[in-house]
Amino acid sequence: MEKYEYKVTAAGRVNIIGEHIDYCGGKVFPAALSLKNTVYVRENGGKNINLSWTTLTDSVSLDTESLTEYKNLRYGNYQAGSALMWKNAGHKVIGCDMLQDCSVPFGSGLSSSAAIEVSTIAALAVIAGETPDPVETALLAQKAEREYAGVNCGIMDQYASACGKKGQAMLLDCKTLQCKYVPVRMGDCELVIINTKKPHNLVVSKYNERRSETEEAFNILKDKTGIECLSELTIEQFEKYKNLLSETVRMRTEHVVKETARVRLAEQAMEKGDMVALGRLLSESHASLKNLYEVTGIELDTLAAAAEAHPACLGSRMTGAGFGGCTLSIVRKDGAEDFKKHVMKVYERTIGYAAECYDAFVADGITVEKI
Ligand code: GLA
């Protein structure tokens, strides 16, 4: 490899629980992963950002004066959006060469896009002589995802990607951005992440649709209840006013209210190391995402059901936006190998192609190394 000045990384993430509630101001419980995007960066003396990839023969040169023009690039659009947000926030953009190396599988629900955006902004900061501020980086990365990539996402992915800590899950309050780190203590259990490998689908439009359904619920209920965001709705308020909502919006709202309650219980379970309780919450979350929020699909449901049928599994659910991507399961270590074989076999037999299992651990968010 040629010589670069810095190696900057940002993490993919797994969300343990608290799905589709970050944009409702809820608390979520993600953890940064050792699957990450690495940017090798050096100043080039010009005004362009030259991108290359370890896994592609393509290379792209982004003119830092015309960063709005790269939205339709197949590769390089996330980096362009990130650079634009960095620039618009008033920071200096220095011409540089960036070699990108992503170990977060694309379309897996493990936030490859957040890892790319966060690491690109952090690399631009480093090259401009700044120390990347993780929270600011996360917010700019989220802006890139929303305004450039067109996904009206919450803050969970970019925050976890930037601010994650090795061995710690993050109880992130998406209304206030306060974050409590909770050690991932799983005793004789481990987290197993399995990818459906479902070919890319219409996640963006369905995601944005779910988001507007929750906004509709909030607009109908806010004056009646005084809530400032939908995840503040109590179960009693939901029961009292649910008839004001259309059937679909009522289902979405029920998920938000009950998922919010599950996050509180999951925090307690993790603190006590009670994996049986945590596993049960994961399974309840999956059922709710399947039946009320309707973001799973045959691939994720097959993985989760196969997981739960195995005796070593304490609970399983989809993670991320859904419609494809990954499940995470809590599995007793002594049965984990057999568990993986079982789930992979059932999946391939039912769906017709193979799933993929990852060996990932809970790792740091942004890292910067001079090389
Ligand atoms: C995607 C979004 C997040 C969050 C999850 C669902 O990953 O980027 O903001 O909404 O879906 O929990």
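Residues numbered from 1 in each chain as written. Predicted model: local features only at pLDDT ≥ 70, side-chain atom pairs only at ≥ 80, totals over all residues. Heavy atoms only, no water.

### Considering the overall build of the protein chain
Logical step 1: Across its full length, the protein chain carries 10 helices and 12 strands.
Logical step 2: Here the C-alpha atoms of the protein chain give a radius of gyration of 21 Å, agreeing with the 21 Å that 2.2 N^0.38 yields for 371 residues.
Logical step 3: Counting only C-alpha atoms, the protein chain reaches 60 × 50 × 40 Å along its principal axes.
Logical step 4: Residues classed as buried in the protein chain amount to 56% of the 371 residues present.
Logical step 5: Within the protein chain, counting contacts between residues at least 6 apart in sequence, those at least 24 apart form 70% of the total.
Logical step 6: Carbon together with sulfur atoms contributes 48% to the accessible area of the protein chain, which is approximately 15400 Å² in total.
Logical step 7: Here the protein chain contributes 43 positive and 49 negative side-chain charges, whose respective centroids are spaced 2 Å apart. (Helix = DSSP H or I, 4+ residues; strand = E, 2+ residues; numbered from the N terminus. Rg over C-alpha atoms; globule rule 2.2 N^0.38 Å. Buried < 20%, exposed > 50% of the residue type's maximum accessible area, 1.4 Å probe, protein only. Contact = heavy atoms within 4.5 Å. Areas by Shrake-Rupley, 256 points an atom, 1.4 Å probe, with all protein chains shown as cover. Lys, Arg positive; Asp, Glu negative; His and termini not counted. Charge placed at Lys NZ, Arg CZ, Asp CG, Glu CD.)

### Remarks on the site of the ligand
Logical step 1: With respect to spatial proximity, the complete set of residues near the ligand consists of Arg13, Glu19, His20, Asp22, Tyr23, Cys153, Gly154, Met156, Asp157, Tyr207, Gly320 and Ala321.
Logical step 2: The contact in question runs from an oxygen atom of the ligand to an N or O atom on the side chain of Arg13, over 3.1 Å.
Logical step 3: A distance of 2.6 Å separates an oxygen atom of the ligand from a polar atom in the side chain of Tyr207.
Logical step 4: The fraction of the free accessible surface of the ligand (300 Å²) that becomes covered by protein chains is 93%.
Logical step 5: Counting contributing residues, the shell around the ligand receives three or more from each of domain 1 (6-184 + 363-370) and domain 2 (189-358). (Near = heavy atom within 4 Å. Polar contact = N/O pair within 3.5 Å; in protein donor to acceptor, adjacent residues only side chain to side chain. Domains from an automatic or database assignment.)

### Focus on the environment of Ala363
Logical step 1: Mapped onto the secondary structure, Ala363 falls in the loop between strand E11 (356-358) and strand E12 (367-370).
Logical step 2: Accessibility expressed as a relative area gives 10% for Ala363, which makes it buried.
Logical step 3: Put simply, Ala363 and Lys165 are 198 residues apart on the chain and 5.7 Å apart in space, counted from C-alpha to C-alpha.
Logical step 4: Apart from the residues lying within four places of it in its own chain, the contact partners of Ala363 are Ala32, Leu33, Ser34, Gly164, Lys165, Lys166 and Gly167.

### Considering the domain arrangement of the protein chain
Frequently, the measure chosen for interface size is the accessible area that the parts lose on association.
Logical step 1: Structurally, the protein chain comprises domain 1 (6-184 + 363-370) and domain 2 (189-358).
Logical step 2: Computed from C-alpha atoms alone, the centre-to-centre distance between domain 1 and domain 2 is 24 Å.
Logical step 3: Contacts between the two partners involve 35 residues from domain 1 and, on the opposite side, 39 residues from domain 2.
Logical step 4: Both faces combined, the contact of domain 1 with domain 2 buries some 3000 Å², and carbon together with sulfur accounts for 65% of it.
Logical step 5: Linking domain 1 with domain 2 are 5 salt bridges, by the criterion used here.
Logical step 6: The shortest N-O distance in the salt bridge between Lys180 and Glu267 comes to 2.5 Å.
Logical step 7: At the junction of domain 1 and domain 2, the tally comes to 23 residue pairs in polar contact (both at pLDDT 80 or more). (Buried area = accessible area lost by both parts, 1.4 Å probe. Salt bridge = Lys/Arg side-chain N within 4 Å of Asp/Glu carboxyl O.)

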